[in-house]
Amino acid sequence: MNFSEKLKALRKQFDLSQEQLAEKICVSRQAITKWETEGGLPDIENLMAIAALFSVSMDDLLSQEKLVRTVSDYTYESVTEYDISRSSHFDIHALGALEVNLTVTDNEKLRVRLASNVLQTLALDYKVQLDEHQNRMDVDIRRVGKSSEAEGKDALVIFISLPAKYCADVELAAITDVFRLNGIRCPFELDGKARSVYLEGVKGSVSLNCNTDMEICADEMPLVIEVNQINATSALRVPFGAKYFTKIKGKSNRIRFAVDGKPSDSLVDTDAEHCVKIAGMNMELLLDHITRK
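Residues numbered from 1 in each chain as written. Predicted model: local features only at pLDDT ≥ 70, side-chain atom pairs only at ≥ 80, totals over all residues. Heavy atoms only, no water.

Engineer: So what's going on with the overall build of the protein? Residues and values would help.
Structural biologist: Summing up its helical and strand segments, the protein has 7 helices and 15 strands in all. Relative to the 2.2 N^0.38 estimate, which gives 19 Å for 293 residues, the radius of gyration of the protein is 20 Å and therefore close to what a compact globule would have. Each principal axis of the C-alpha atoms in the protein carries an extent, and together these give about 55 × 50 × 35 Å. Within the protein, the proportion of its 293 residues that are buried is 47%. Contacts spanning at least 24 positions in sequence make up 61% of the contacts within the protein whose residues lie at least 6 apart. (Helix = DSSP H or I, 4+ residues; strand = E, 2+ residues; numbered from the N terminus. Rg over C-alpha atoms; globule rule 2.2 N^0.38 Å. Buried < 20%, exposed > 50% of the residue type's maximum accessible area, 1.4 Å probe, protein only. Contact = heavy atoms within 4.5 Å.)

Written as structure tokens, this is what we have:
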């Protein structure tokens, strides 16, 4: 799929007309028609608006790969549930997947849903192993059947729901294209690889330890967001007007600033409660403030 095909497919997937899409990203219908008929590409601001609207990365929009993610239900799935009765540290290991979604809910169950539109033997090929001891819950999502790791990275989507009442803190080790974190208020740490990270309604502290270039999008500022990398360049996109101060640790690390992708002077507020930290070595973080909805 090229960009024009992807844009048309995403628009139809979300049941939008060209006029409706144009209105949502503040362009003309003629611009949408031009992009969908290979008459040109959007500029960087419009690309960011499209990516944010459809919850995909700009890399996904511009690459020649087909987007597998759908907004409808999945053809194949396997669900594991477990009752939680006390505050716990959750240690979760997820194998290679196309997408990992972690959501904190008001119920009292741990729920892991494995889903795919491609992997027909999903229920046989993947196992969720749970191990509860004292105030710790280990969750291990592993491949046990004939499906290859490459197939999982192309077609497996993992949904994990945790009970907010019993979340003391959460650690997740994962290798995935897309990671989504929703509604968490306790400390959270991600180790592994993720190309695109979406933080939605995240109130607590978040630590991202990934030595790959990342695009991080936050719909609001977490209390603390820490990015730990070596030899990587990443972007953190936050709403315009977000207040925060910064801390830089490690060797040869730096933070740059932008508004809607355009270079800007520092937007740090030294009196702010929220904090953006970077650590590691030879890393660069672009803090991009997005004015568009």
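The discussion continues.
Engineer: Outline the pattern of salt bridges, listing residues and values.
Structural biologist: On inspection of all chains with the given rule, the structure shows 18 salt bridges. Among the ionic pairs, R136 bridges to D91, the shortest N-O distance being 2.6 Å. In this pair, R136 sits in strand β5 (residues 136-143) while D91 sits in strand β2 (residues 88-105), placing the two residues 45 residues apart along the sequence. Among the salt bridges present, the one from E215 reaches R237, with a minimum N-O distance of 3.9 Å. Here E215, found in strand β10 (residues 215-218), pairs with R237, found in strand β11 (residues 224-239); they are 22 residues apart in sequence, far enough to count as distant. The same class applies to E215 as to R237, namely buried. Connected through salt bridges with shared partners, the residues D91, R136 and D138 form a single ionic network. (Salt bridge = Lys/Arg side-chain N within 4 Å of Asp/Glu carboxyl O.)

Engineer: An account of the packing of helix α2 (residues 18-25) against helix α3 (residues 29-36) is needed here, citing residue identities and associated values.
Structural biologist: Where α2 meets α3, the closest approach of the two axes is 8 Å, and the angle between their N-to-C directions is 110°. Between α2 and α3, the crossing angle belongs to the class labelled roughly perpendicular. As α2 packs across α3, the resulting crossing turns out to be right-handed. From α2, Q18, E19, L21, A22 and I25 reach across to α3, where they touch R29, I32, T33, W35 and E36. (Axes fitted to C-alpha atoms, helices over the stretch in contact; angles between N-to-C directions. Parallel < 35°, antiparallel > 145°, perpendicular 65-115°, else oblique. Left-handed = near helix turned anticlockwise from the far one by under 90°.)

Engineer: Explain the state of the cysteines to me, and be specific about the residues and the numbers.
Structural biologist: Going through the model one piece at a time under the given rule, you end up with 0 disulfides. As a non-bridged cysteine, C167 has C186 as the owner of its nearest cysteine sulfur, 4.8 Å distant. Assessed through its relative accessible area of 12%, C167 is described here as buried. Of all cysteine sulfurs, the one in C210 lies closest to C275, which takes part in no disulfide; the gap is 18 Å. Exposure remark for C275: the relative accessible area of 2% places this residue in the buried category. (Disulfide = S-S within 2.5 Å.)

Engineer: Residues and numbers for the packing of aromatic side chains, please.
Structural biologist: What the rule picks out here adds up to 2 aromatic pairs. With centroids separated by 5.6 Å and ring planes inclined at 10°, the aromatic side chains of F179 and F188 adopt a geometry described as stacked. Overall, F179 belongs to the buried group, its relative accessible area being 1%. The cationic tip of R180 hangs over the ring face of Y198; the distance from NZ or CZ to the ring centre is 4.6 Å. (Phe/Tyr/Trp six-rings, centres within 6.5 Å; stacked < 30°, edge-to-face > 60°. Lys NZ or Arg CZ within 6 Å of the ring centre and 35° of its normal.)

Engineer: Can you tell me about α3, naming the residues and giving the values?
Structural biologist: All of the buried residues along α3 are A31, I32, W35 and E36. Each buried residue of α3 sits inside an arc of 130° when the element is viewed along its axis, so together they form one side. Trailing α3 by a residue or two, E38 shows a phi angle of about 60°, which is positive. (Arc of directions from axis to C-beta.)

Engineer: With reference to specific residues and values, describe helix α1 (residues 3-13).
Structural biologist: Taken residue by residue, α1 has F3, S4, K6, L7, L10 and R11 as its buried positions. An end-on view of α1 places all buried positions within 165° of arc, on one side of the element.

Engineer: A description of the side chain of S196 should follow, citing residues and the corresponding values.
Structural biologist: Mapped onto the fold, S196 is located in strand β8 (residues 188-200). By relative accessible area, which is 0% here, S196 ends up buried.

Engineer: How would you summarise the environment of V157 if you had to cite specific residues and measurements?
Structural biologist: Assignment of secondary structure puts V157 in strand β6 (residues 157-163). Its relative accessible area of 2% is what places V157 among the buried residues. Remark: the alpha-carbon pair of V157 and N101, spanning 56 residues in sequence, is separated by 7.9 Å. With residues up to four places along the chain from it excluded, the contact list for V157 reads Y74, E99, N101, R113, L114 and A115.

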